[in-house]
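Coordinates in review
If you want the building blocks of each chain, they are given just below.
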Amino acid sequence: MRLFLVIFVLCAVAQYFLPWWIVTPLAFAAAFGLPTSGGRAFMAGFNGVGMGWFMLAVWFNVKNEGLLASRVAQLLPLGGSSWAVVILAAVLSGLVGGLAALAGSWTRQALAPPPVAPAR
């Protein structure tokens, strides 16, 4: 839960001012810094980044009455539905965040010192 909150807050703030790909190093660094298993790191990254993008996409979609998203949906095989573009953006960003967090967690596990054998 702590990793999810860290990723969500960092990515929500950073993606408002910086390019979209900033979520990748932030999710990686958060999962590297906070010890957790790979599966939990992936879910925290997926939900943290995906929820941030979903909220931002909903806000932009409602703000411009779905005009831009419906035009993008016409270019893609989505039937012209603006909400399908919003959900697709959230899922794709969630996958990016989840994979970045998984890479951060696995990098931390790979660099961890080996366990010490008990003395006899």
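These figures come from a predicted structure and were not determined experimentally.

Take the overall build of the protein chain next. The helix and strand tally for the protein chain stands at 5 helices and 0 strands. Traced from its N-terminal end to its C-terminal end, the protein chain shows the element sequence α-α-α-α-α. The principal-axis extents of the C-alpha atoms in the protein chain amount to approximately 70 × 25 × 20 Å. Among the 120 residues that make up the protein chain, the fraction classed as buried is 33%. The contacts of the protein chain with a sequence gap of at least 6 include a subset with a gap of at least 24, amounting to 75%. Carbon and sulfur atoms make up 74% of the accessible area of the protein chain, which totals about 7,700 Å².

This part is about the UniProt feature "transmembrane region" (unreviewed entry) in the protein chain. What UniProt calls "transmembrane region" (unreviewed entry) maps, in this numbering, to residues 41–62 and 83–106. Helix makes up 100% of residues 41–62 and strand 0%, whereas the separation of the span's terminal C-alpha atoms amounts to 31 Å. Across residues 83–106, the secondary structure splits into 100% helix and 0% strand, with the terminal C-alpha atoms separated by 34 Å.

Before going further, it helps to examine helix H2 (residues 23–33). Inspection of H2 places Val23, Ala27, Ala30 and Ala31 among the buried residues, and these make up the whole buried set. Here the buried residues of H2 occupy an arc of 95° about the axis, which is enough to place them on one side. On its buried side, H2 packs onto helix H1 (2–17), helix H3 (38–63) and helix H5 (82–111).

Here is a general trend for soluble globular proteins: nonpolar side chains tend to be buried in one another's company. Ranked by size, the top nonpolar core spans 15 residues in total, and within it Leu3, Ile7 and Ala101 carry the most contacts. Listed by contribution, the elements that provide at least two residues to this core are H1, H2, H3 and H5. Ranked by residue count, the leading element in this core is H1, at 5 residues. Excluding its chain neighbours within four sequence positions, the residues that come into contact with Ala101 are Ile7, Ala27, Phe28, Ala31, Ala41 and Gly45.

Next up on the list: H1. Because the α-helix completes a turn every 3.6 residues, residues three or four places apart line up on one side. With 16 residues, H1 should cover 22 Å at 1.5 Å per step; its first-to-last C-alpha distance of 23 Å lies within 8% of that length. For H1, the set of buried residues is Leu3, Phe4, Ile7, Phe8, Cys11, Ala14 and Gln15. Each buried residue of H1 lies within a common arc of 160° when the element is viewed along its axis, so the set occupies one face. Every exposed residue of H1 that faces more than 90 degrees away from the buried side is listed here: Arg2, Tyr16 and Phe17. The inward-facing, buried residues of H1 abut H2, H3 and H5.

As a further point, take the layout of surface pockets. Taken as a whole, the largest pocket holds about 290 Å³ of empty space. As for the largest pocket, its lining consists of 14 residues, of which Leu56, Ala57, Phe60, Asn61 and Ala89 are closest to the centre. Put simply, the parts of the chain that give the lining of the largest pocket at least two residues each are H3, helix H4 (67–75) and H5. Element by element, the count of residues in the lining of the largest pocket is highest for H3, at 5 residues. For the lining of the largest pocket, a count of residues per class yields 10 nonpolar, 4 polar and no charged. In this model, the second largest pocket occupies a volume close to 190 Å³. As for the second largest pocket, its lining consists of Met1, Arg2, Leu3, Phe4, Leu34, Pro35, Thr36, Arg40, Met43, Ala44 and Asn47. Breaking the lining of the second largest pocket down by element, the ones donating at least two residues are H1 and H3. Here the lining of the second largest pocket is built from residues that sort into 7 nonpolar, 2 polar and 2 charged.

Here is what the cut-offs are and how they apply
Counting from 1, residues in each chain are numbered in the order their sequence is written. Owing to the predicted nature of the model, reporting of local features is limited to residues with pLDDT of at least 70; listing and counting of side-chain atom pairs is limited to 80 or more, with chain, interface and lining totals taken over all residues. As a rule here, side-chain values cover all heavy atoms of the structure and leave hydrogens and water aside. Every helix listed is a DSSP run of H or I at least four residues long, and every strand listed is a run of E at least two residues long, numbered separately from the N terminus. Per-residue accessibility, obtained with a 1.4 Å probe over protein chains only, is compared with the maximum for each type, and a residue is labelled buried under 20%, exposed over 50%, and partly exposed between these values. The criterion used for residue contact is that any of the two residues' heavy atoms lie within 4.5 Å. Residue exposure ignores everything except the shown protein chains as possible cover, and the areas themselves are Shrake-Rupley values with a 1.4 Å probe. UniProt positions are given in the numbering used here, feature names are shortened, and annotations may be inferred rather than shown by experiment. In this context, the arc is that of the directions from the helix axis out to the C-beta atoms. In plain words, nonpolar cores are sets of buried Ala, Val, Leu, Ile, Met, Phe, Trp, Tyr and Cys residues tied together by side-chain atoms within 4.5 Å. The span expected for a helix works out to 1.5 Å for each residue beyond the first. Whether a set of points on the 1 Å grid over the protein atoms alone is a cavity depends on a 1.4 Å probe fitting there but being unable to get out, while an open set qualifies as a pocket with protein on both sides within 12 Å along at least five of seven lines; lining residues are those with an atom within 4 Å of a point. Grid points are joined across faces, edges and corners, and a volume is the space filled by probe spheres set on the points. Three classes are used, and their members are as follows: Ala, Val, Leu, Ile, Met, Phe, Trp, Tyr, Cys and Pro are nonpolar, Asp, Glu, Lys and Arg are charged, and the others, Gly among them, are polar.

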